Amino acid sequence: MAKEEKYIQVGVTALRGPDGNFLPAVPLYIKAEDGAAEAEEKLIQDIGHLLALRMKAYMDGCREAGVPV
């Protein structure tokens with residue numbers, strides 16, 4: 001039996017029609033090769049950490065300004 005290829009969705013794209021409106025969105029995929037799944041998990045962790053730092057800075061700024069959070 002042949003090995004089943006796996007793909008990871010990395011985004012979406014949409015073209016514009018002649019009238020300027022967006023056409024239906026189409027998902028973008030890459031082949032899940034060695035390291036792709038691990039890189040995806042690392043990216044998710046990095047983004048989560050960066051967003052948490054932004055939220056902390058926002059909440060600290062609100063507290064300093066006396067605005068209830």
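Bear in mind that the values here come from a model prediction, so they are computed numbers and not experimental data.

**Brief notes about the overall build of the protein chain**
- A count of helices and strands for the protein chain gives 1 helix and 2 strands.
- When the helices and strands of the protein chain are listed from N to C terminus, the series reads β-β-α.
- A globule of 69 residues ought to have a C-alpha radius of gyration of about 11 Å, yet the protein chain, at 20 Å, is considerably larger.
- In terms of overall dimensions, the protein chain has C-alpha extents of about 60 × 45 × 15 Å along its principal axes.
- In the protein chain, of all internal contacts separated by at least 6 residues, the share reaching a separation of at least 24 is 23%.

**Examining the packing of aromatic side chains**
- For the structure on display, the rule yields 0 aromatic pairs.
- Stacked on the ring of Phe22, the Lys or Arg Arg16 has its end atom at 4.0 Å from the ring centre.

**Side note on the environment of Ala14**
- Structurally, Ala14 is set in the loop between β1 (7-13) and β2 (26-31).
- Among the residues examined, Ala14 registers a relative accessible area of 31% and is labelled partly exposed.
- For Ala14 and Gly48, which are 34 residues apart along the polypeptide, the C-alpha to C-alpha distance reads 26 Å.
- Once residues within four sequence positions are removed from consideration, Ala14 is found in contact with Phe22, Leu23, Pro24 and Ala25.

What counts as what
- Residues numbered from 1 in each chain as written.
- Predicted model: local features only at pLDDT ≥ 70, side-chain atom pairs only at ≥ 80, totals over all residues.
- Heavy atoms only, no water.
- Helix = DSSP H or I, 4+ residues; strand = E, 2+ residues; numbered from the N terminus.
- Rg over C-alpha atoms; globule rule 2.2 N^0.38 Å.
- Contact = heavy atoms within 4.5 Å.
- Phe/Tyr/Trp six-rings, centres within 6.5 Å; stacked < 30°, edge-to-face > 60°.
- Lys NZ or Arg CZ within 6 Å of the ring centre and 35° of its normal.
- Buried < 20%, exposed > 50% of the residue type's maximum accessible area, 1.4 Å probe, protein only.

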